[in-house]
Amino acid sequence: MTSYTAYQTGEPIADTKAPAGPIEERWDRRRFTAKLVNPANRRKHTVIVVGTGLAGGSAGATLAEQGYHVVQFCYQDSPRRAHSIAAQGGVNAAKNYRNDGDSIHRLFYDTVKGGDFRARESNVRRLAQVSVEIIDQCVAQGVPFAREYGGLLDTRSFGGVQVSRTFYARGQTGQQLLLGAYQALSRQIAAGNVEMHARTEMLDLVVVDGRARGIVARDLVTGEISTHFADAVVLASGGYGNVFYLSTNAKNSNATAIWRAHRRGAHFANPCFTQIHPTCIPRSGDHQSKLTLMSESLRNDGRIWVPKAKGDTRAPGRIPEDERDYYLERIYPSFGNLVPRDIASRAAKNVCDEGRGVGPGGQGVYLDFADAIARMGRDKVAEKYGNLFEMYERITAEDPYEVPMRIYPAIHYTMGGLWVDYDLQTTVPGLFAIGEANFSDHGANRLGASALMQGLADGYFVLPSTINDYLARHPHDTVDPQHPSVTEAVEGVTARLEKLLSIDGDRTPDSFHRELGELLWDDCGMARNATGLRKALERIPELRDEFWRRVKVPGGGEELNQSLEKANRIADYFELAELMCLDALHREESCGGHFREESQTPDGEAARDDDRFSYVAAWEFRGTGAAPVLHKEQLVFEYVHPTQRSYA
Amino acid sequence: MQGVLPTVGVMALATRTGRRPSTLATLWRSTVGKKTVMAVTGVIMLLYLVAHMLGNLKIFFGSTEFNGYAYWLRTIGEPALHYSWFLWIVRVVLVAAVVFHGVAAYQLSRRDLGARPTAYAHRRPRAGYATRTMRWGGIILALFIVWHLLDLTTLTVNPRGEAGHPYQNVVADFRNWYADAIYIVAMLALGLHIRHGLWSAAQTLGANSARRDAALKFTANALALVLTAGFVAVPVSVMTGVVS
Amino acid sequence: MRLTLRIWRQRGPEQPGTMTAYEVDGISEDMSFLEMLDTLNERLILDGDEPVAFDHDCREGICGACGMVINGQAHGPERTTTCQLHMRHFSDGDTIDIEPWRAAAFPVVKDLVVDRSAFDRIIGSGGYVTAPTGSAPEAHATPVPKPVADTAFEHAECIGCGACVAACPNGSAMLFTSAKVVHLNVLPQGAPERESRVLDMVGTMDAEGFGGCTNTGECAVACPKGIPLQSIATMNREFLRAARRAPR
Ligand SMILES: Cc1cc2nc3c(=O)[nH]c(=O)nc-3n(C[C@H](O)[C@H](O)[C@H](O)COP(=O)(O)OP(=O)(O)OC[C@H]3O[C@@H](n4cnc5c(N)ncnc54)[C@H](O)[C@@H]3O)c2cc1C
Ligand code: HEM
Ligand code: HEM
Ligand code: SF4
Ligand code: F3S
Ligand code: FES
């Protein structure tokens, strides 16, 4: 065992920006106490935004509208292709249009509870409050949400809640919301307020005199390494689920931006909080390059079951009703198929582990629409889910109108991320993190349709208010491009790329990524235990060494080189994976998406340990392979009192 | 890009606050507007051809009626208009239509060819025949129009060429195999041109919609067929001796 | 199965390119087309060759990043994106030709990767509703009849992949542009900028070097999202209306 597990616990950290007082007033108060930048002076301030997803796109557009000069980056060829585009199901908002008892407080309550009491109350309360404005904003931009015949907005319900507060645009909500933000951003690009660098990847953060002042980036087409300076840097680079290789994330989503920031001093919070989504298409073979999500909204109308008997290989249609086990409805009668994701995923794993799984390798459960088709008719089902059914059929060559879908859990979302305070500022002054890149609002488990809400809340409303305060307190000055911190960062990036190109080994970058992913899925996936995690912690450094000895990256650095891009991202995954395992090992409780086999109730549910673990684990980087330092942010619950989550 | 791709000027960009050019300039300078010019001139020519075909069919009622009809054409509008003024108005409109249609077609075609400089190595049959032959069909029609005017209007190349006796001129004409060939080829080109062109014009002018699409295609096919058949009937009946 | 691939290889924008043949074996029917290319690339790397560059990201048919002309058809034989095309639509022993999108406005960057940034500039010139953050009225203040909302949605589905341009013999971006014009122009939220939107977007489209539309209809056949050909007619109508009425 390396000394990596012998970490130290450092000073506790506190969120110093959240005002005290009644929770309903905190956000208004913070906005009032925050200093403002005179509109005439904003043009002088440059803000770098890395990422053009829901968080980055909305932030870039809004900051530019406010008058700041924005310099923005994404690795895709167009800001419109950010991973957010793939979100299917919907976006939550406490509008209570259904008159079903919803309110800001209930959304707040549901989110804290859904996160298994590992999120910060003041943040979540603000999220619920802002959610209402998000819908207004998006409708004004022309986002074509689903509507009723009366012309008003339609909603549906999602896992973990009993109200209908999810706004949607068929199965393409993320696409429509992102296009709204992208269009607003495009308007600012055309107006010259945003300088957009597509196909450009941030490879390091530049910290000058203790403040984040810029980034080092690589032009993915020419390979040119460039520096960009600003008064503040915002990371909106998304989550790190792809560390598992197989996940529902876009293939190129990666952790490099946040990991490089972490190495430069930004604490990384709760890295082990990863979400496994219960409804994904099972993998069909070793060639599989990614997993496809089937929206959670399907659980509104589909019923999940497996055969009661082990090893029942009959076709689903031949299994009579009384030999089917609708296990979610059985175990959780009041939420049924709509239990939160962590619970649904684990239940699926359990029945498969019992040998009752279906499909190749027994790694699947049925999601059956026969009842829904009988009840509402095929047309209605097609209208609601048509595109998802088509996608399923395309991938599996099975028609879900006729045969039940087969689904299995897959890595989907990462609750962990860079630690941020109430202002969304990381521990590096001037470095902000928004959207999935930060850890802020979802605790140990995110509710469906809440990531889009958080990304847009951060980007449209929260960051544009709080960043003013920072900018107002740091009068504009320029960075000396010859500053040693700058040259050091550029040289570091160049050296690393040259190293990758020069190894010329005998294994492809992907082969390492696959191996790391399998390791993580086995030992730090749906269920974790100390033995497995320790094993992984031994294996990861070995694999990392092997990577730096044996990887083969063809081509050169001064051209479009997708292998080089990959290898460079994978190099960071090794370090991140190690931290995830350490975090999972240290958190000896089960909570939300983090299930420690040692910590469960007699009937197999996650058992939290609030006395010992009611804190955010924020890790400080101390060098590759060196033990990081743990900083705890104690969580205080004044409004939603921790209880054992129950969805029975 | 402007250098590479000829003719269609570039509309001022980012004009939210700036002055916009006039409606006509807006139309002529954009691909969409220029295409409208083609559609409108195409429809004008089409209307003329419908009338022209109906007129031509009078040939089956004999020389007196046909020549009388030609004479009548020149007296339309009298006494308000002078002798043959109406015909001249029609000619001016038609010449303008042909010129605008042709110039627009030329400019747009050059631009379109330039916008796809590299062909695919793997070729595969594309859109329908009528759609693919619009440019060639147009060229055939242009050549035909010149020939036709020299033949039956100025009578320069007509074997008989007797002013005021169109019936006899036409019959003399179609006794020659090459005149028949020229006319029939041109008429087939015309049919194809209209088959795609009429529907296309509706699309260009924004008159198409999901509901109307099938009806428009049917009308275009029917009209193409009727016009071709109507025009071809004349040379064919001269050749077969039905008209002499 | 075993396949012969003939792939367009081109090192950079200025370099010449050629079709190069490769054999791949052991391809499973369940693979997506891109997974098949992944397999080839893994082998090329180990052989010391350069892997084939192609754009992709979501691999779910929604980001619009992927796209190649397969046997002369944009996105291949099925009406979907390249990433959602599966190898079961090919047979053992097939020869498959793979080429990049071809259009003057989409210059080749490398191999199968092209530069589609012209699309972004078309959107930037008018494909939005001017609604700065914070200025929005209550969402229910303007009801939108369901059929109108549905029409808007169907056009908003465009993923900006560029297959329409690749399929069009004129390299025209009419379908892409019209999808956005129709999406926004039918909605009450889009009405105030109705005229300037269509004039500016068409202006940019022309300026970017796309060809004109001769109503060939290939675009709508290739479009993985089923944007209807009639949306071009609607845009033409909007354009003519705007050309008449736009305030000067
Ligand atoms: C299949 C799927 C379905 C989902 N469905 C839902 C849903 O229905 N409801 C819901 O609420 N949530 C859903 N989610 C979650 C949600 O989509 C994401 O959490 C959210 O979109 C993240 O947005 P983001 O703006 O933080 O980041 P992203 O959208 O991931 O954007 C990241 C951006 O950062 C850029 N970037 C990253 N690294 C770099 C770098 N180094 N240099 C330059 N640029 C960089 C990328 O180019 C990109 O523009 C879903 C997720 C998946 C995978
Ligand atoms: C001068 C000779 C002609 C030339 C060079 C010519 C050429 C063309 C071309 C290149 C097109 C566009 C092709 C396309 O849209 O696919 C076109 C369209 C058209 N032509 Fe002609 N043509 C000629 C004569 C005619 C005649 C005599 C008619 C009358 C019937 C006609 C009617 C049309 C119509 C209706 C269209 C469709 C316009 C549109 O798509 O908006 N053309 N022509
Ligand atoms: C077999 C078919 C046709 C026959 C027999 C025919 C016959 C004639 C005759 C006899 C005239 C002279 C009329 C006059 O001077 O009084 C004429 C004129 C003309 N025809 Fe045709 N025509 C035919 C097809 C066409 C077609 C296909 C076109 C167009 C594409 C066309 C266009 C014209 C034009 C423009 C004139 C000149 C009108 C004028 O200025 O007098 N014709 N035609
Ligand atoms: S219109 Fe269709 S083919 Fe064209 S970019 Fe949009 S989705 Fe792709
Ligand atoms: S294929 Fe091209 S010509 Fe028009 S109808 Fe489509 S843009
Ligand atoms: S990779 Fe996103 S659409 Fe194909």
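For every chain, the first residue of the written sequence is number 1, and numbering continues from 1 along that sequence. A letter from A marks each chain and a number from 1 marks each ligand, given out in the order of writing. It should be noted that, the model being predicted, local features are given only for residues of pLDDT at least 70 and side-chain atom pairs only at 80 or more, the latter also being counted only at that level, while totals for whole chains, interfaces and linings use all residues. Calculated side-chain values reflect all of the structure's heavy atoms, with hydrogen atoms and water omitted.

1. A word on the environment of G416(A)
All names here are of chain A.
Okay, so step 1: Along the polypeptide, G416 turns up in the loop between β17 (405-414) and β18 (417-418).
Okay, so step 2: Counting along the chain gives 145 residues from G416 to P271, while the straight-line C-alpha distance between them is 4.6 Å.
Okay, so step 3: Among residues more than four places away in sequence, those in contact with G416 are Y240, F268, A269, N270, F273, E436, N438 and F439. Strands here mean DSSP runs of E at least two residues long; helices mean DSSP runs of H or I at least four residues long; both are numbered from the N terminus. Between two residues, a contact is recorded if the distance between any of their heavy atoms is within 4.5 Å.

2. Considerations on the UniProt feature "domain: FAD-dependent oxidoreductase 2 FAD-binding" (unreviewed entry) in chain A
Okay, so step 1: UniProt positions are given in the numbering used here, feature names are shortened, and annotations may be inferred rather than shown by experiment. The feature "domain: FAD-dependent oxidoreductase 2 FAD-binding" (unreviewed entry), as annotated in UniProt, sits at residues 47-452 of chain A in this numbering.
Okay, so step 2: Helix makes up 29% of residues 47-452 of chain A and strand 20%, with an end-to-end C-alpha separation of 23 Å.

3. Looking at the coordination of the iron atom of ligand 3
Residues and elements named next belong to chain B.
Okay, so step 1: Looking at the iron atom of ligand 3, one finds its protein donor set to be H52 (NE2) and H148 (NE2), positioned 1.9 to 2.1 Å from the metal centre.
Okay, so step 2: Coordination here is defined by N, O and S atoms within 2.8 Å of the metal (3.2 Å for Na, K and Ca), and since water is not considered, a site can look incomplete. A four-donor site is called tetrahedral if each angle lies between 85 and 135 degrees; a four-donor site is square planar, and a six-donor site octahedral, when trans pairs exceed 155 degrees and the remaining angles lie between 65 and 115; all other cases are labelled irregular. Around the iron atom of ligand 3 sit six donor atoms; with metal-centred angles ranging over 85 to 178°, the donor geometry is octahedral. A residue pair is termed long-range when its members are at least 10 positions apart, and H52 in helix α2 (residues 31-56) and H148 in helix α6 (residues 134-153) qualify at 96 residues.
Okay, so step 3: In this structure H148 comes out as buried when scored by relative accessible area, which is 18%. To sort residues, take the accessible area from a 1.4 Å probe on protein chains only and compare it with the maximum for the residue type: under 20% means buried, over 50% means exposed, and anything in between is partly exposed.

4. Description of the site of ligand 5
Okay, so step 1: In the vicinity of ligand 5, the residues found are C168(C), N170(C), S172(C), C213(C), T214(C), N215(C), T216(C), G217(C), E218(C), C219(C), L229(C) and I232(C).
Okay, so step 2: For this classification, Asp, Glu, Lys and Arg are treated as charged, while Ala, Val, Leu, Ile, Met, Phe, Trp, Tyr, Cys and Pro are nonpolar and the rest, including Gly, are polar. Residue composition of the shell around ligand 5, grouped by class: five nonpolar, six polar and one charged. We call a residue near a molecule or strand whenever a single non-hydrogen atom of that residue lies within 4 Å of it.

5. Here's the deal with the packing of helix α3 (residues 54-66) of chain A against helix α12 (residues 450-473) of chain A
Residue and element names in this part refer to chain A.
Okay, so step 1: Angles run from 0 to 180 degrees between N-to-C directions of axes, and those axes are lines fitted to C-alpha atoms, restricted for helices to the stretch in contact. Where α3 meets α12, the closest approach of the two axes is 8 Å, and the angle between their N-to-C directions is 35°. Viewed along their axes, α3 and α12 form a crossing whose handedness is right-handed. Only L452, G455, L456, G459, Y460, L463, P464, I467 and N468 of α12 make contact with α3, whose side of the interface consists of L54, A55, S58, A59, T62, L63 and Q66.
Okay, so step 2: Considering only residue class, the contact of α3 with α12 consists of 10 nonpolar, six polar and no charged. Throughout, a crossing is termed right-handed when the near helix is turned clockwise from the far one, and left-handed when it is turned anticlockwise from it by less than a right angle.

6. Side note on the interface of chain B and chain C
Okay, so step 1: Facing the 48 residues of chain B at the interface are 58 residues of chain C.
Okay, so step 2: Each of two parts loses accessible area, computed with a 1.4 Å probe, when they are put together; buried area is these two losses added. Surface buried jointly by chain B and chain C totals about 4200 Å² across both partners, of which 53% is contributed by carbon and sulfur atoms.
Okay, so step 3: Whenever Lys or Arg places a side-chain nitrogen within 4 Å of a carboxyl oxygen from Asp or Glu, that contact is recorded as a salt bridge. The interface formed by chain B and chain C holds zero salt bridges in total.
Okay, so step 4: For the side of chain B that touches chain C, the secondary structure elements donating two or more residues are α1 (23-29), α2, α4 (85-115) and α8 (177-204) of chain B.

7. Concerning helix α1 (residues 33-46) of chain C
Okay, so step 1: Multiplying 1.5 Å by the residue count of a helix minus one yields the expected span of that helix. With 14 residues, α1(C) extends 21 Å from end C-alpha to end C-alpha; this agrees with the ideal 20 Å at 1.5 Å per step.
Okay, so step 2: The element α1(C) is largely enclosed, with a buried count of 10 among its 14 residues.
Okay, so step 3: Those residues of α1(C) lying buried are F33(C), L34(C), E35(C), M36(C), L37(C), D38(C), L40(C), N41(C), L44(C) and I45(C).
Okay, so step 4: Among the structural elements, α14 (509-524) and α16 (562-586) of chain A together with β1 (3-10), β2 (17-24), β3 (69-70) and β5 (95-99) of chain C are those in contact with the buried residues of α1(C).
Okay, so step 5: Just past α1(C), the residue G48(C) takes up positive phi, approximately 80°.

8. Regarding the domain arrangement of chain C
Residues and elements named next belong to chain C.
Okay, so step 1: Boundaries between domains were set according to an automatic or database domain assignment. Domain boundaries assigned for chain C yield domain 1 (3-110) and domain 2 (116-245).
Okay, so step 2: A C-alpha centroid distance of 29 Å is found between domain 1 and domain 2.
Okay, so step 3: Listed by partner, the interface residues are 19 residues for domain 1 and 22 residues for domain 2.
Okay, so step 4: When domain 1 packs against domain 2, the two sides together hide about 1400 Å² of surface, and 60% of this comes from carbon and sulfur.
Okay, so step 5: Three residues stand out in domain 1 for area buried against domain 2, namely R79, A105 and F106, and they jointly supply 40% of the buried area on that side.
Okay, so step 6: For R116, the salt bridge is made with D55, and the minimal N-O distance between the two is 3.6 Å.
Okay, so step 7: Counting of polar contacts relies on pairs of N or O atoms within 3.5 Å, with two restrictions inside protein: one atom must be capable of donating a hydrogen and the other of accepting it, and residues adjacent in sequence are counted only when both atoms are side-chain atoms. Counting the contacts that link domain 1 with domain 2 gives six residue pairs in polar contact (both at pLDDT 80 or more).
Okay, so step 8: For the side of domain 1 that touches domain 2, the per-class residue count stands at 11 nonpolar, five polar and three charged.

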